[in-house]
Amino acid sequence: MDRTFYVTTPIYYVNDVPHIGHAYTTIAADTLARYKRLCGYDCFFLTGTDEHGQKVEKAARETGQAPLELADRVVERFKGLWDALHITADDFIRTTEARHREAVTALYQRVWEKGDIYLGDYEDWYCTPCETFWTETQLAGGNTCPDCGRPTERLKEKSYFFRMSKYQDALVRYLEEHPDFIQPASRYNEILSFVKGGLRDLSISRTTFTWGIPVPNDPDHVIYVWFDALTNYITAAGFPGDEKRFQQYWPADCHIIGKDILRFHAVYWPTFLMSAGLPIPRKVFAHGWWTVEGQKMSKSLGNVVDPNQLVKEYGVDPVRYFLLREVPFGIDGDFSRSAMVHRINSDLANDLGNLFSRTLSMVVKYFDGVIPAPSNLQDVDRRLQEASEKVFPLLAQQMDELAFNKALISIWEMVSAANKYIDDTAPWTLAKAEKDRPRLGTVLYHTLESLRLIALLLAAFMPSTAEKMWSQLGIEEQLWEQNIKENGTWGGLEPGKKVVKPIPLFPRIEA
Ligand code: MSP
């Protein structure tokens, strides 16, 4: 294992409890990480929590807790949800950890030594909930925040500034030379024209609250929460102390984020890194937002979907499947119970679940569970084989593009091909005549082998379903030790081994 792959989620604010928006990013990152591991990469998958800043300080005050007390509690909610969703993060970073404070201080110091930080006066329109200053021209009607719509106020404070304007040309050049840096492409264009429109220096310290990492040599200031938060990606990669590890994993291969925080990742972050002389991440992918039953998800509407509840009702894999299958990654989508139930019943219970259980039942019934050997192949057999082998390179390309829904569609094409194969070959008819027994064995071998390949393809998306399929198919090798390239070719299933009586993969859900 020499090739590394470093994938991250945003670090989540601890002033809020986890909802499907958070689950979405983390499931996507987990799927990518699992897929890359199955491709033989030494994968490093990072998630965590963003614990400093005014929002967290305020939320703690409102509930009569110290900020860290609040954080300690909410962190458990996130960790619990990640367990429930079978998330395989290799590290969980909290910005209140000592290793992170050290990294933020070191990064700040480097930028300072470069001469890119100066003390100035900052005055502008400030949105407290978003912790963002806005210029007059950016404000929405009635001096409200263009992001959240709430009122802003005029605020002036002493602040340290980062000379972001100095990096405008370098960033434009970088973007033009790396057209794949920001995805989807529409977002790339948006950022490129934003940068070309002019970069202002960025205020990177605050004096209006204290919950943060102090500015080195001026403890009246705390470091702006986004400078602090973005640094998490290098903290976990070993910056500044572990040079070897840092060389190994940095730059990150992919930051997966929501569209609302793209500017921080695609403009601020690269310019901080340029100033510090550190490499820039390879890709930032901004996904879309979920509404719920057609409405914006919000605490005040009381329609925030708790992913734990969904897992309890539908099971973990159906939740993972639905979120990645329903909407192209990068586009906004709507979550509804009816859509979810429909997907579970039609794609999971009918298409895949039935295919699996009817195949295994026939092997148990006609061959006592022993996997038959194939012989005398016909065209219909070869077509199934070709259909299966075709999916692997296609999936590789789709996973590179983070086109999770397309990848699932490709896998389902294979599921359909296997279903059609059974219908065309009608093993139940072959079972009636002793002379057709070799043909029956060939047909069932082919169906079983395509199910093995389907399990391998599905493993990253629906890990426990794939595990169940794997063990019921009687395969002794560990699923997670498979290599998609080496084991994803036709013929891996060994005749003579025994499958078990199927246990339904997905119970149907009554609407
Ligand atoms: N703490 C910052 C990120 C710092 S990263 C260095 C933050 N945290 S957050 O908790 O508010 O949001 C985290 C992620 O959740 C964002 O990527 C955001 O896009 C995502 N989502 C929040 N609501 C969402 C939906 N309704 N739908 C999809 N994703 C959503 O921002």
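Here's what I pulled together on the structure shown here. (Residues numbered from 1 in each chain as written. Predicted model: local features only at pLDDT ≥ 70, side-chain atom pairs only at ≥ 80, totals over all residues. Heavy atoms only, no water.)

### Re the layout of surface pockets
- Taken as a whole, the second largest pocket holds about 300 Å³ of empty space.
- Secondary-structure elements contributing two or more residues to the lining of the second largest pocket are α1 (20–38), α14 (379–400) and α19 (484–487).
- A per-element tally of the lining of the second largest pocket places α14 first, with five residues.
- Among the residues forming the lining of the second largest pocket, the class breakdown is eight nonpolar, two polar and four charged. (1 Å grid on protein atoms, 1.4 Å probe; cavity = no way out; pocket = protein on both sides within 12 Å on 5 of 7 lines; lining within 4 Å. Points joined across faces, edges and corners; volume = space filled by probe spheres on them. Helix = DSSP H or I, 4+ residues; strand = E, 2+ residues; numbered from the N terminus. Nonpolar A, V, L, I, M, F, W, Y, C, P; charged D, E, K, R; others polar.)

### Re the pattern of salt bridges
- Counted by the stated rule, this structure contains 31 salt bridges.
- The partner of R34 in a salt bridge is D30, and the shortest N-O contact between them spans 2.9 Å. Of the two residues, R34 and D30 both sit in helix α1, four residues apart, roughly one turn of that helix.
- By relative accessible area, D30 is classed as buried at 0%. (Salt bridge = Lys/Arg side-chain N within 4 Å of Asp/Glu carboxyl O. Buried < 20%, exposed > 50% of the residue type's maximum accessible area, 1.4 Å probe, protein only.)

### A closer look at the packing of helix α4 (residues 98–113) against helix α10 (residues 262–276)
- At a closest axis distance of 8 Å, the pairing of α4 and α10 adopts a crossing angle of 65°. Here α4 lies roughly perpendicular to α10, going by the angle between them. For the crossing formed where α4 meets α10, the hand is left-handed. When α4 is examined against α10, the residues L107, R110 and V111 are found in contact with a partner set consisting of W269, F272, S275 and A276.
- Each residue belonging to the contact of α4 with α10 can be placed in one class, and the counts come to five nonpolar, one polar and one charged. (Axes fitted to C-alpha atoms, helices over the stretch in contact; angles between N-to-C directions. Parallel < 35°, antiparallel > 145°, perpendicular 65-115°, else oblique. Left-handed = near helix turned anticlockwise from the far one by under 90°. Contact = heavy atoms within 4.5 Å.)

### Let's talk about the site of the ligand
- The immediate surroundings of the ligand are formed by 23 residues, with I11, D50, G258, D260 and W290 found nearest.
- In this structure, a nitrogen atom belonging to the ligand sits 2.9 Å away from a main-chain N or O atom of W290.
- With the chains in place, 94% of the 660 Å² that the ligand exposes on its own is no longer accessible.
- If you list the elements that add at least two residues to the shell around the ligand, you get β1 (4–13), α1, α7 (225–230), α8 (232–235) and β12 (254–258).
- Examining the composition of the shell around the ligand, we find that four residues originate from one element, β1, more than from any other.
- Across the shell around the ligand, the residue classes tally to 13 nonpolar, eight polar and two charged. (Near = heavy atom within 4 Å. Polar contact = N/O pair within 3.5 Å; in protein donor to acceptor, adjacent residues only side chain to side chain. Areas by Shrake-Rupley, 256 points an atom, 1.4 Å probe, with all protein chains shown as cover.)

### Describing helix α2 (residues 54–62)
- Those residues of α2 not exposed but buried are Q54, V56, E57, A59 and A60.
- The inward-facing, buried residues of α2 contact β2 (42–50), α3 (67–84) and β4 (117–127).
- Two residues or fewer after α2 comes G64, characterised by a positive phi angle close to 65°.

### Examining the packing of aromatic side chains
- Summed over the entire model, instances satisfying the criterion amount to 30 aromatic pairs.
- Judged by centre distance (5.2 Å) and plane angle (85°), the rings of Y24 and W290 are edge-to-face. Of this pair, Y24 sits in helix α1 while W290 sits in strand β14 (residues 290–292), placing them 266 residues apart in sequence. Per residue, the accessibility class of Y24 equals that of W290, and both read buried.
- Plain terms: the ring middles of Y268 and F272 are 6.4 Å apart, the flat faces sit at 45° to each other, and that makes the pair tilted. With Y268 and F272 both in helix α10 and four residues apart, this pair spans about one turn of that helix.
- Above the plane of the ring of Y41 lies R3, whose end atom (NZ or CZ) is 4.1 Å from the centre.
- Against the face of F44 rests R245, its NZ or CZ located 4.6 Å from the ring centre. (Phe/Tyr/Trp six-rings, centres within 6.5 Å; stacked < 30°, edge-to-face > 60°. Lys NZ or Arg CZ within 6 Å of the ring centre and 35° of its normal.)

### Regarding the packing of helix α15 (residues 404–425) against helix α17 (residues 437–458)
- Remark: α15 packs on α17, axes separated minimally by 10 Å, with the N-to-C direction vectors making an angle of 170°. Of the possible angle classes, the one that applies to α15 and α17 is roughly antiparallel. Counted together, L408, I411, W412, M414, V415, A418, Y421, I422 and T425 of α15 and R439, T442, V443, H446, T447, S450, L453, I454, L457 and L458 of α17 form the full contact between these two elements.
- Per-class residue counts for the contact of α15 with α17 are 13 nonpolar, five polar and one charged.

### Considerations on the environment of L444
- Its location among the elements puts L444 in helix α17.
- Taking relative accessible area as the criterion, L444 reaches 0% and is therefore assigned buried.
- Distance from L444 to P372, taken between C-alpha atoms, is 7.2 Å for residues 72 residues apart in sequence.

### Some thoughts on the sheet that holds strand β6 (residues 153–162)
- The strand order across the open sheet built from four strands is β5-β4-β6-β8, with neighbouring strands paired in antiparallel fashion. A strand with exactly one partner marks an edge of an open sheet, and here the two such strands are β5 (132–134) and β8 (202–203).
- Alignment of β4 against β5, held across three bridges, turns out to be antiparallel. Bridge pairing links Y126 to F133 in β5. (Pairing = 2+ DSSP bridges.)

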